[in-house]
Amino acid sequence: MKKIVLLILALFCLKGVPALADEGMWVPALIQSRIKDMKAKGFKLTAEDIYSINRSSLKDAVLLFGSGCTGEVISDEGLFLTNHHCGYYFIGSHSSVEHDYLTNGFWAMNRSEELPNPGLTVSFLIRMEDVTDRALKGVGDEMPQAERDSMVKANAAGVIAKATAGTHYEAAVEPFYYGNQYFLFVYEKFRDVRLVAAPPSVIGKFGGDTDNWMWPRHTGDFSMFRIYADKNNNPADYSKDNVPYRPRRSFTISTAGLKEGDFTMVYGNPGRTMQYVVSDAIDYAVNRGNPAKIKMRTMRLEIMNAEQAKDPATRIAYAAKNARVSNQWKKWQGESKGLARLGTLDKKRAFEAQFTAWAADKPLYRDVLPKLRALYAELASYAFARDYYQEAYQAIEMTQFAQNAAKGIFKPDAEKAGDGFFKNYSQTIDRLSTQAVLGEYVKNVPAEWTPAYFLEAVQKAGGVDRYVDELFEQSNFSTIEKYKALASADSATKAAALQNDPALLLAEAFNTFYNTKVDGTYKRLNTEINTLYRLYMKGLMEMQPDRTFFPDANLTLRVAYGTVEGYSPVDAVYYEPFSTIDGIMEKDNPDIYDYNIPQRLRDLYRTKEYGRWNVDGSVPVCFLATNHTTGGNSGSPVLNGRGQLVGINFDRTWESTMSDYEFDVVKCRNIIVDIRYVLFVIDRIGNAGYLLDEMRFAK
C-alpha cells in the first residue's frame, strides 16, 4: 500500500507535467507542486502564502458555509461574504409579506440589527495532513472490503481522537483517489452566525431561472453575514453577550479590476466530481437518469411558477423551494448536452479498450473493467428506482411533513410543529405536483419496483389523480386546521388517526419498500463499485505515469486556478468575459419579477452617479474565468495574482455543467460577480457604506 501512496505523491510532484490547461482542483497542502505553473500564469505569492500551519495564510480567510457553500472573511470583525443563493434560505426565514427581505433586501444599519440564524454554522480549516499510513495500518490488499472498511474506520477514529484531544476542534478523515490516499482535516466550527446584508432578490438572483447557468450574466449573487464568538474568541451558541469573531486572516480587497488573460484563483470547497468514472456511469446519466429527473422537475416547476405568479405570499413561501428544484433541473440539461457534444461516452469506451489491452497480462487489473461493467448493469434498475423515489415520492411535501410531525405528535407542544411547515406551504402546489410526479412513477417504473400498497390504492381509487385527491382530502396533515385538531386531541384519538392516515400509510409503503428492496442493494453495489475503482485508479496511474492526477472533489478545501477568458459557445459567436450595468438595463423589465430592478438602480443608471465604482462611465458586474469549479464552490473567493479578493464565484456556464465528469478546456468557464459590483450595491443601493469602513483595500 505504501507503494501506491508514493506513486500518488510522485505524480503530484512531477515537474513539467501539468494537467490539461486549467483543469484541476488541487490540495492546498500539496500546492507547491503547482506553483511553477501558477507563477507562469501570473501568481505572485508562494505556496506558504496559500496554505500554512505555522502562520496565517489565505486558507484562514476561507470558510465552509453550512454544509455546502463557501465564504470569505473580509474584515477583522468576522464579516464575511458568500453567495445570495447560499444565504437564500436564511434570508427567506426572516421574510414575511410585511418584511419581504427577499424582494426588498436586508441591510443591518448597526450590529444590533444583525439577525441570528439558528442551525447555521461556518467552519474554518485549521490544518490538513496526509494520514494514509495510519488510516491503512493493518490493511492488506487482499482483505475483504467489509473488513477493510471496518479497519479504516477504526484507524480514522483513532487519528481524529488524537488530533482533537484537549481542543474544541472537530475533525474528519477523508479518502482520496477512491481510498488510495487519506487526509485528516481539522476544523473550528462557529455556531453564532448573523445575517448582515442581502440585496433585493432581483439583484442577488437577477434573471432567475432564465439566466441561471447562462452567460452573459448580470447577477449580484452575494449576501453578508458576521461570525460571533465568546469573549475568548471561541465558538459559542448564540448569546447577546457574544462579540464579533477575530479571524486569523481576512482578505484584502482589490478594486483595480482584471483584464482578459489575468490570473485568477478560486479557493473553496468543491462538492463532488467524478472525473475517473467509467463509460457505464456516463451512459446511465445521459440516457436514463437525467432524462427522467429533468421531466419530473419540469412538471413541478411549471406548477410552482404558475401558482407563485398568482399570489405574493405564495411567491415568497416557495422562492427557496423553487430555486432548489430548478438549479439541478437546468444543470442536468446542460450536463447531458455537454457530455453529448464532447462525445464523452465514446471517448470513455475507447480509453477503456486501451486499458483492457494494457491490463491483459496484468492479473491485478485485467478483470477490473469486466467486473465494473457487470456491477453497473446490476445497479441500473436500483438506481432508476432510487431516482424515482427521490424525485417523485420525496417531492410530496405533505407526506414528508406527516412523517416528521407524527414522531412528536404525543408531545405537549405538538401543535407548534405545524407552524413552520404551513407558513411556507401551498396545498394546491403540493397536490398538483403529487398528481404529476406519481403519474410519471406509475407510467415509467415497473411494478416490481413499486410499493404494492400504492398500486392497489391507485387502482381502487380509479387512477392516480383521484387517488391523490383522496389522499389530500382524508389526511390529517393536509391543512393546518386538521393538523392542530389532531395535535390537540387525546392520546387514543391520536393513536387511531395515525394508524389510518393515508399520508402516513403512503410514506410507510414507499419508505419500507425503498429501505428493504432498493437502498441496501444500491449501497452494496456502489460499495463494490468503489472497491474496484480503488484498483482501477491505481491501474490508471501505472498505465499513465506521465499524467498528473488530481483527486475528485469531496467538499474539502481546494485550489483551482486559471485566467480571465471568454469563449465561443457555438460557431460564429464569441462571448466577451465581462458584463456591466449596461446589460442589466438592457434586460430591465418591470413586467417580469426576475428582471424588475429596483427603481434606485434605474435612477443611478440615468444620472450615472456611480461614485468611486465608476469605470469608464459604467459599473463592472460579472466576469468569466477558466477555473475548474463545481457545486460547493458557490461563494468561493476569487483572487488575483497577489491573493487579493476580486470577486465571488457563483456559477458555471451552461456549456460547462458536464465538467463534473469531463472538463472542456475550450468552453468550461466559471462565472464570478465582480467585487466592485458587490461594493457598489452595498454602498449605493443598500446605503450601508459604513460596512466598507471595516474592510481593507489594496493600495
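It should be noted that the structure appears before, not after, this text.
Residues numbered from 1 in each chain as written. Predicted model: local features only at pLDDT ≥ 70, side-chain atom pairs only at ≥ 80, totals over all residues. Heavy atoms only, no water.

So, unusual backbone geometry
A cis amide bond links Trp215 to the next residue, Pro216, at an omega of 5°. By secondary structure assignment, the location of Pro216 is in the loop between helix H9 (208-211) and strand S10 (223-229). Look at Leu555: it is not a glycine, yet its phi comes out positive at around 70°. Within the secondary structure layout, Leu555 lies in the loop between helix H22 (502-543) and strand S13 (558-563). In this structure, Asp616 takes a positive phi of about 55° despite not being glycine. Along the chain, the position of Asp616 falls in the loop between helix H24 (599-607) and strand S15 (620-625). Taking the relative accessible area as the measure of exposure, Asp616 reaches 80% and is therefore exposed. (Helix = DSSP H or I, 4+ residues; strand = E, 2+ residues; numbered from the N terminus. Buried < 20%, exposed > 50% of the residue type's maximum accessible area, 1.4 Å probe, protein only.)

Details of helix H13 (residues 344-359)
In this model, H13 (16 residues) spans 22 Å end to end at C-alpha, consistent with the 22 Å of a helix rising 1.5 Å per residue. For H13, the complete set of buried residues consists of Thr344, Leu345, Lys348, Phe351, Glu352, Phe355 and Ala359. Buried residues of H13, seen end-on, are gathered within an arc of 130° and therefore sit on one face of the element. When the buried face of H13 is taken as reference, the exposed residues oriented beyond 90 degrees from it are Asp346 and Ala357. Buried-residue contacts for H13 involve helix H10 (279-308), helix H12 (319-342), helix H14 (368-391) and H22. (Expected span 1.5 Å × (residues − 1). Arc of directions from axis to C-beta. Contact = heavy atoms within 4.5 Å.)

Comments concerning the pattern of salt bridges
Summed over all chains, the structure comprises 46 salt bridges. Three or more residues are tied together by salt bridges with common partners; here these are Glu77, Arg111, Glu114, Arg226 and Glu694. (Salt bridge = Lys/Arg side-chain N within 4 Å of Asp/Glu carboxyl O.)

Some words on the sheet that holds strand S16 (residues 637-639)
Ordered in space as S13-S12-S16-S17-S18-S15-S14, the seven strands form an open sheet in which the pairing is antiparallel. Each edge of the open sheet carries a strand with a single partner, namely S13 and strand S14 (578-580). Strand-to-strand twist in this sheet, taken as the mean axis angle between neighbours without regard to direction, amounts to 30°. Sheet analysis places strand S17 (residues 645-652) next to strand S18 (residues 670-674), joined by five bridges and oriented antiparallel. Bridge pairing in S18 links Arg652 to Asn670. The sheet strands contacting helix H25 (residues 675-685) are S15, S17 and S18, and the helix crosses S18 at an angle near 40°. (Pairing = 2+ DSSP bridges. Axes fitted to C-alpha atoms, helices over the stretch in contact; angles between N-to-C directions.)

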